[in-house]
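# Topology and contacts: notes
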Amino acid sequence: MKYSMFIGRWQPWHDGHRWLINQRLSEGKNVLICVREVSKDDKNPYNPIEVKANVEKELKDLIAENRVKVLIIPDVESINYGRGVGYEIIEHIPPKNIGEISATKIRKKIFKEK
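Anyway, here's the lowdown on the structure attached to this text. Since the structure is predicted, the reported quantities are computational estimates derived from the model, not experimental observations.

Below, the discussion takes up the sheet that holds strand E3 (residues 68–74). Overall, parallel pairing links the three strands, which are arranged E1-E2-E3 in an open sheet. Each having just a single partner strand, strand E1 (4–8) and E3 make up the two edges of the open sheet. Adjacent strand axes in the sheet meet at a mean angle of 25 degrees, parallel and antiparallel pairs treated alike. Across the sheet, helix H2 (residues 48–58) lies against strand E2 (31–37) and E3, angled at about 170 degrees from E3, the strand it touches most.

Relative to the helices and strands, Lys43 resides in the loop between E2 and H2. Separated by 32 residues in sequence, Lys43 and Gln11 place their C-alpha atoms 7.5 Å apart.

In this structure, the largest pocket occupies an estimated 820 Å³ of space. Residue lining of the largest pocket: 20 residues in total, with Tyr3, Ser4, Met5, Tyr87 and Glu88 positioned closest to the centre. Contributions of two or more residues to the lining of the largest pocket are made by E1 and helix H1 (15–25). The element best represented in the lining of the largest pocket is E1, accounting for four residues. When its residues are assigned to classes, the lining of the largest pocket shows 10 nonpolar, five polar and five charged. For the second largest pocket, the calculated volume is near 180 Å³. Residue lining of the second largest pocket: Ile7, Gly8, Arg9, Trp10, Gln11, His14, His17, Leu20, Ala103 and Arg107, and that is the complete set. Elements with a minimum of two residues in the lining of the second largest pocket: E1, H1 and helix H5 (103–113). Across the lining of the second largest pocket, the residue classes break down as four nonpolar, four polar and two charged.

What follows deals with the nonpolar core. Ranked by internal contacts, the top residues of the largest apolar core, which has 14 residues, are Trp10, Ile21, Ile33, Val55, Leu59 and Val68. Sorting the residues of this core by element identifies H1, E2, H2 and E3 as the ones contributing at least two each. No other element matches E2, which puts three residues into this core. Residues contacting Val68, with those up to four places away along its chain left out, are Leu25, Val31, Ile33, Leu59, Leu62 and Ile63.

Rules used in this analysis
- Residues take numbers from 1 onward in each chain, read along the sequence in its written order.
- This being a predicted model, a pLDDT of at least 70 is required before a residue's local features are given, and a value of 80 or more before pairs of side-chain atoms are given or counted; all residues contribute to the totals for chains, interfaces and linings.
- Think of the side-chain values as coming from all heavy atoms in the structure, minus any hydrogens and water.
- Pairing between two strands is assigned when DSSP locates at least 2 bridges connecting them.
- To qualify as a helix, a DSSP run of H or I must reach at least 4 residues; to qualify as a strand, a run of E must reach at least 2; elements of each kind are numbered from the N terminus.
- Lines are fitted to the C-alpha atoms to define the axes, a helix being fitted only along its stretch in contact, and any angle between axes, read from their N-to-C directions, falls within 0 to 180 degrees.
- Whether two residues are in contact is decided by their heavy atoms, any of which lying within 4.5 Å being enough.
- Lining residues are those with an atom within 4 Å of a point, where the points come from a 1 Å grid over the protein atoms alone and group into cavities, where a 1.4 Å probe fits but cannot get out, or pockets, open sets with protein on both sides within 12 Å along at least five of seven lines.
- Grid points are joined across faces, edges and corners, and a volume is the space filled by probe spheres set on the points.
- When residues are sorted by character, Ala, Val, Leu, Ile, Met, Phe, Trp, Tyr, Cys and Pro go into the nonpolar class, Asp, Glu, Lys and Arg into the charged class, and all the rest, Gly among them, into the polar class.
- By nonpolar core is meant a set of buried Ala, Val, Leu, Ile, Met, Phe, Trp, Tyr and Cys residues that side-chain atoms within 4.5 Å join together.
- Only protein chains enter the area calculation, which uses a 1.4 Å probe; residues under 20% of their type maximum are buried, those over 50% are exposed, and those in between are partly exposed.

By themselves, these figures tell us nothing about what the structure is for.
Right, dumping it as structure tokens:
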């Protein structure tokens, strides 16, 4: 079974992330969400295990259907490929209302309320 891979920090999971993976799910594709193993700091308030659990909670139905898998991967500095590797590189440009979603603003709101 093939998957469309998305790599990110997902700190925290939000509607923009959901829009992004829905681009492939709506085409009948499966999705692999890779959580980068980054150190906790102001931009990354959750450790990778917490992020994975949060994403899995949000997508539990799709995971149960084997449409989505979530993995923790080492942090990456670049994505590299050779010619004729058998997969595509696809950029999804969000509409303005989705592109304006800010994880930084979401994090500020979350931690201000605590």
